[in-house]
Amino acid sequence: DTAVSQTPKYLVTQMGNDKSIKCEQNLGHDTMYWYKQDSKKFLKIMFSYNNKELIINETVPNRFSPKSPDKAHLNLHINSLELGDSAVYFCASSSLRTEAFFGQGTRLTVV
Amino acid sequence: GIQVEQSPPDLILQEGANSTLRCNFSDSVNNLQWFHQNPWGQLINLFYIPSGTKQNGRLSATTVATERYSLLYISSSQTTDSGVYFCAVRVTDKLIFGTGTRLQVFP
């Protein structure tokens, strides 16, 4: 059983489109995250949700809107995609003082 | 904000060699993790190590929280150890990643 699963694994889309990435965790964790990995492999946090409530928004453009229907799911919706949004997006989950686990990543390519 | 620096940035080894990767952080942290990002892009958990020493097979890690550093030791390296190694520290509600060490192991 995959602990943190995100779909799709690959996403190729045109500039200006809207797309979503889904994430689910079955670890019973109460905190979920979205991270962005750029072309230089640097991993940066975008959002953090605790029990469905947004607790961190790291100055991400408004075109990115996370949504947490319950504490096991955290989806990422991106409007009006731009070339610079091309990256690998990782979902993760943890509890307050436990280790975090990451999904397999979604490679987004905007053309 | 907290700075997390890793060294060396790049490391090239021949199979069988040993190596030490270092992670320095600029402020107190709640905990620390080491990850291996394999060539397929997966982030694999290696150690959850807020302090002390842990060992798992050929890998071991030591964190000295009071001196704000952690070390990852890889012994008898194999080609499958290739990839990028990240440390990440938890500060309140987020995990902040280091700059990474890219390891290439050749046969």
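The paragraphs below set out a description of the structure included in this document. Every chain is numbered independently, its residues counted from 1 as its sequence is written. Key to labels: chains lettered from A, ligands numbered from 1, both in the order written. This being a predicted model, a pLDDT of at least 70 is required before a residue's local features are given, and a value of 80 or more before pairs of side-chain atoms are given or counted; all residues contribute to the totals for chains, interfaces and linings. Processing note: side-chain calculations cover all non-hydrogen atoms of the structure and skip hydrogens and water entirely.

### Overview of the sheet that holds strand 8 (residues 73-78) of chain A
Residue and element names in this part refer to chain A.
Turning to step 1, where the next piece is worked out: The antiparallel open sheet is built from 4 strands, whose spatial order is 1-3-8-7. The open sheet has two edge strands with one neighbour each: strand 1 (4-7) and strand 7 (64-70). Taken over all neighbouring pairs, the strand axes of this sheet differ in orientation by 15° on average, direction set aside.
Turning to step 2, where the next piece is worked out: Bridging between strand 3 (residues 19-25) and strand 8 involves 4 bridges; their strand directions are antiparallel. Following the sheet pairing, Ile21 is matched in strand 8 by Leu76. DSSP bridges decide pairing: two strands pair if at least two such bridges lie between them. Counting from the N terminus, the helices are DSSP H or I runs at least four residues long and the strands are E runs at least two residues long. Here, axes are lines fitted to C-alpha atoms. For helices the fit covers the stretch in contact, and angles between N-to-C directions go from 0 to 180 degrees.

### Focus on the pattern of salt bridges
All names here are of chain A.
Turning to step 1, where the next piece is worked out: One side-chain nitrogen of Lys or Arg within 4 Å of one carboxyl oxygen of Asp or Glu is enough to make a salt bridge. As enumerated under the stated definition, the model contains 4 salt bridges over all chains in all.
Turning to step 2, where the next piece is worked out: Taking the shortest distance from any N to any O, the salt bridge between Asp85 and Arg63 comes out at 2.8 Å. With Asp85 in the loop between strand 8 and strand 9 (87-94) and Arg63 in the loop between strand 6 (53-57) and strand 7, the pair connects residues that are 22 residues apart, well separated along the chain. The exposure classification of Asp85 matches that of Arg63, with both residues buried.
Turning to step 3, where the next piece is worked out: One connected set of salt bridges, linked through shared partners, spans Arg63, Glu82 and Asp85. Any residue under 20% of the maximum accessible area for its type is buried, any over 50% is exposed, and the rest in between are partly exposed; the area is computed with a 1.4 Å probe on protein chains only.

### Concerning empty space enclosed by the protein
Turning to step 1, where the next piece is worked out: Grid spacing is 1 Å over the protein atoms alone, the probe is 1.4 Å, and a cavity is where that probe fits but cannot get out, while a pocket is an open set with protein on both sides within 12 Å along at least five of seven lines and lining residues have an atom within 4 Å of a point. Grid points are joined across faces, edges and corners, and a volume is the space filled by probe spheres set on the points. For the coordinates displayed, the defined rule picks out 1 cavity of 30 Å³ or more.
Turning to step 2, where the next piece is worked out: Of the pockets and cavities examined, the largest cavity occupies roughly 40 Å³.
Turning to step 3, where the next piece is worked out: Along the walls of the largest cavity sit Thr31, Tyr33, Asn50, Ile55, Ser94, Ser95 and Leu96 of chain A together with Arg90, Thr92 and Asp93 of chain B, which together make up its complete lining.
Turning to step 4, where the next piece is worked out: Any residue outside Ala, Val, Leu, Ile, Met, Phe, Trp, Tyr, Cys, Pro, Asp, Glu, Lys and Arg is labelled polar, Gly included; the first ten of those are nonpolar and the last four are charged. Classifying every residue of the lining of the largest cavity by side-chain character gives 3 nonpolar, 5 polar and 2 charged.

### Quick notes on the interface of chain A and chain B
Turning to step 1, where the next piece is worked out: Contacts between chain A and chain B engage 22 residues on the former and 16 residues on the latter.
Turning to step 2, where the next piece is worked out: When the two sides are added together, the surface that chain A and chain B hide from each other amounts to roughly 1700 Å², 55% of it contributed by carbon and sulfur.
Turning to step 3, where the next piece is worked out: The term buried area refers to how much accessible surface (probe radius 1.4 Å) is lost by two components on association, counted for both of them together. Looking only at chain A, the three residues that lose the most surface to chain B are Lys41, Leu43 and Phe102 of chain A, adding up to 28% of its buried area.
Turning to step 4, where the next piece is worked out: There are 1 salt bridge connecting chain A and chain B.
Turning to step 5, where the next piece is worked out: Across the salt bridge formed by Glu58 of chain A and Lys94 of chain B, the nearest N and O atoms sit 2.8 Å from each other.
Turning to step 6, where the next piece is worked out: Any pair of N or O atoms that falls within 3.5 Å is considered a polar contact. Within protein, one atom must be able to donate a hydrogen and the other to accept it, and sequence-neighbouring residues count only if both atoms are side-chain atoms. Here chain A is connected to chain B by 8 residue pairs in polar contact (both at pLDDT 80 or more). Throughout, a contact is declared for two residues whenever any of their heavy atoms are within 4.5 Å.

### Notes on the packing of aromatic side chains
Turning to step 1, where the next piece is worked out: Here a pair means two rings of Phe, Tyr or Trp (six-membered ring of Trp) with centres within 6.5 Å. Their orientation is stacked below 30 degrees between planes, edge-to-face above 60, and tilted elsewhere. Across all of its chains, the model carries 9 aromatic pairs over all chains by this definition.
Turning to step 2, where the next piece is worked out: Summarising the aromatic geometry, the rings of Phe102 of chain A and Phe97 of chain B are spaced 5.6 Å apart at their centres and angled 80° between planes, so their arrangement reads as edge-to-face. Note that Phe102 of chain A is positioned in strand 10 (residues 101-102) and Phe97 of chain B in strand 10 (residues 94-97), a pairing that runs across two chains. Neither residue differs from the other here; Phe102 of chain A and Phe97 of chain B are each classed as buried.
Turning to step 3, where the next piece is worked out: For Phe97 of chain B, a relative accessible area of 3% translates into the label buried.
Turning to step 4, where the next piece is worked out: Of the aromatic side chains, those joined through ring pairs into one cluster are Tyr33, Tyr35, Phe90 and Phe102 of chain A together with Phe35, Phe86 and Phe97 of chain B.
Turning to step 5, where the next piece is worked out: Stacked on the ring of Tyr69 of chain B, the Lys or Arg Arg22 of chain B has its end atom at 4.2 Å from the ring centre. Here, a charge over a ring is recorded when the distance from Lys NZ or Arg CZ to the ring centre is within 6 Å and its angle to the ring normal is within 35 degrees.

These results come straight from atomic positions and should not be treated as a statement about function.
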